[in-house]
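Descriptive analysis of the structure
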Amino acid sequence: MPSVVVVANQDKTGALELAEKARDVLRGHGADVVVSTTYGEDLSHSRFDLAVVFGGDGTVLGAIAALGDTPPPIVSFNLGHLGYLAENPSERMPEILATAVAGGLLSSRRMMIEATVDRDANWHRVALNEFVFSFRQNRRQMNLSISVDGEELMDLRGDGVIVSTPTGSTAYSLSAGGPVASPVLPAIILTPLCPHQLANRSLVLDPGEAVEIVHSNEYPVEVIADGFSCLMLAKGEKLTIRTSPRRVTFLYENRGRYRLLREKLGWGWSAAGWECAGLTRNPHPVEDLNERR
């Protein structure tokens, strides 16, 4: 009998109802089901064969953190906005869950990154999307010294820096001008936030390389892992980010690896797309221009 945890973000409209339906569907297929509606609830004490998540990408990231070091495969249903991680359509939830229990869904295994700090050998954090360095309490310019495998790379002045995975390339890093990477690509992406130097640009690193970051400001720098504050880095302290041995597996229907990018980023504009968006194209722009003259 497979053991399944259903995680629902009760702040999302319809999430609780869908969680109840999912519980009934899964039990109908012989699964032992636990439902969690408390955000951040520690789920690492139990071993699950499958996790079903209803919410947005933030809910998925929170569920992964709550599931501990060995999260089970995840089937996620989007009730948020963009939904790069929560990509399965909720209206097909019964069919998708039935296929998941039968082992018929496709899988996408994603790398994670981890951070350690030189002052505490026991401290470490893991992220699926990114680590962000920022000043949350003031708008002062940040001064960071960044090295790769001990070799000096750049002295960065600006609002901070994002160190992301390819999965996280469509999150904060994308908004900051970073590249979009295939989510299954092994790489570490370094994206400066509003750099003062024009030459500072996003950089794609080998997954075997370690990024070392030291800041020289008097004020502590906040380190944020997947949207959660995890550390205040003091002046002169070094944070090291490298590929984690942990992986996360997402399960989905066979609808095309890049379909999600095309839909979410609007790369498929067409006449039909304009009409669906409530816009119309003028079939006779030249004639109208002549009339206005």
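Up top is the structure.
My aim in this report is to walk through the structure given alongside it, one point at a time. (Residues numbered from 1 in each chain as written. Predicted model: local features only at pLDDT ≥ 70, side-chain atom pairs only at ≥ 80, totals over all residues. Heavy atoms only, no water.)

1. Here's the deal with the sheet that holds strand β7 (residues 130-134)
- Pairing in this open sheet of 6 strands is antiparallel, and the strands run β12-β11-β10-β7-β14-β15 from one edge to the other. Pairing within the sheet leaves two strands with one partner each, and these edge strands are β12 (203-205) and β15 (228-233). Shown here is a sheet whose adjacent strand axes are inclined to one another by a mean of 20 degrees, direction ignored.
- Of the pairings in the sheet, the one linking β7 to strand β10 (residues 160-164) comprises 4 bridges and is antiparallel in character. Considered in β10, the bridge of Phe 131 is made with Val 163. (Pairing = 2+ DSSP bridges. Helix = DSSP H or I, 4+ residues; strand = E, 2+ residues; numbered from the N terminus. Axes fitted to C-alpha atoms, helices over the stretch in contact; angles between N-to-C directions.)

2. Focus: the nonpolar core
- If you look at the biggest cluster of nonpolar residues, it comprises 30 residues, and the most contacted ones within it are Phe 133, Ile 146 and Leu 239.
- Dropping the residues within four chain positions of it, Leu 239 is found in contact with Ala 115, Thr 116, Val 117, Trp 123, Phe 133, Val 211, Glu 212, Ile 213, Val 223, Leu 231 and Leu 233.
- Listed in part, the 23 residues of the second largest apolar core include Ala 15, Leu 26, Val 52 and Leu 79. (Core = buried A, V, L, I, M, F, W, Y, C linked by side-chain atoms within 4.5 Å. Buried < 20%, exposed > 50% of the residue type's maximum accessible area, 1.4 Å probe, protein only. Contact = heavy atoms within 4.5 Å.)

3. Looking at the pattern of salt bridges
- Under the counting rule described, the total for this entry stands at 5 salt bridges.
- Across the pair Asp 69 and Arg 246 runs a salt bridge, and its minimum N-O distance is 3.7 Å. One end of the pair, Asp 69, is in the loop between α2 (57-66) and β4 (74-78); the other, Arg 246, is in strand β16 (residues 238-252), and 177 residues separate them in sequence.
- In this structure, Glu 218 engages Lys 235 in a salt bridge whose closest nitrogen and oxygen atoms are separated by 2.8 Å. Taken together, the residues span a long stretch of sequence, with Glu 218 in the loop between β13 (211-215) and β14 (221-225) and Lys 235 in the loop between β15 and β16 at a distance of 17 residues.
- On the basis of relative accessible area, Glu 218 is assigned to the exposed category, the value being 62%.
- With relative accessibility at 48%, the residue Lys 235 sits in the partly exposed group. (Salt bridge = Lys/Arg side-chain N within 4 Å of Asp/Glu carboxyl O.)

4. Considerations on helix α3 (residues 93-101)
- Of the positions making up α3, those classed as buried are Met 93, Ile 96, Leu 97 and Ala 100. Burial along α3 is one-sided: seen end-on, the buried residues are contained in an arc of 95 degrees.
- In this structure, the buried residues of α3 make contact with α1 (15-28), β3 (50-55) and β4. (Arc of directions from axis to C-beta.)

5. Points about the packing of α1 against α3
- Axis separation between α1 and α3 bottoms out at 10 Å; the angle between their running directions is 40 degrees. Considering the angle they form, α1 stands oblique to α3. The hand of the α1/α3 crossing is right-handed. Touching Leu 18, Lys 21, Ala 22, Val 25 and Leu 26 of α1 are Met 93, Pro 94, Leu 97 and Val 101, all from α3.
- Split into classes, the residues belonging to the contact of α1 with α3 amount to 8 nonpolar, no polar and 1 charged. (Parallel < 35°, antiparallel > 145°, perpendicular 65-115°, else oblique. Left-handed = near helix turned anticlockwise from the far one by under 90°. Nonpolar A, V, L, I, M, F, W, Y, C, P; charged D, E, K, R; others polar.)

6. Concerning α2
- Within α2, 8 of the 10 residues are buried, which leaves the element mostly enclosed by the surrounding structure.
- Along α2, the positions that sit buried rather than exposed are Asp 57, Thr 59, Val 60, Leu 61, Gly 62, Ala 63, Ile 64 and Ala 66.
- If you follow the buried residues of α2, they end up packed against β1 (3-8), β3, β4, β5 (106-117), β15 and β16.
- Residue Gly 68 follows α2 closely and has a positive phi angle near 85 degrees.

7. A few points about the packing of aromatic side chains
- Taken as a whole, this structure holds 1 aromatic pair when the rule is applied.
- Ring centres of Phe 54 and Phe 77 lie 5.1 Å apart, and the angle between their planes is 15 degrees; this geometry places the pair in the stacked category. Linking Phe 54 in strand β3 with Phe 77 in strand β4, this pair joins segments that are 23 residues apart in sequence.
- Given a relative accessible area of 0%, Phe 77 falls into the buried group. (Phe/Tyr/Trp six-rings, centres within 6.5 Å; stacked < 30°, edge-to-face > 60°.)

8. Considering the pairing of β14
- The buried count for β14 comes to 5 of 5 residues, which makes it a mostly enclosed element.
- A two-sided burial pattern is seen for β14, the buried positions comprising Val 221, Val 223 and Ala 225 on one face and Glu 222 and Ile 224 on the other.
- Sheet topology note: the β7/β14 ladder contains 4 bridges and is antiparallel. Looking at the pairing, Val 132 lines up with Ile 224 of β14.
- One ladder, built from 5 bridges, connects β14 with β15; its direction is antiparallel. Its bridge partner lying in β15, Val 223 is registered against Leu 231.
- Joining the antiparallel neighbours β14 and β15 is a turn of 2 residues, in which Asp 226 adopts a positive phi near 50 degrees.

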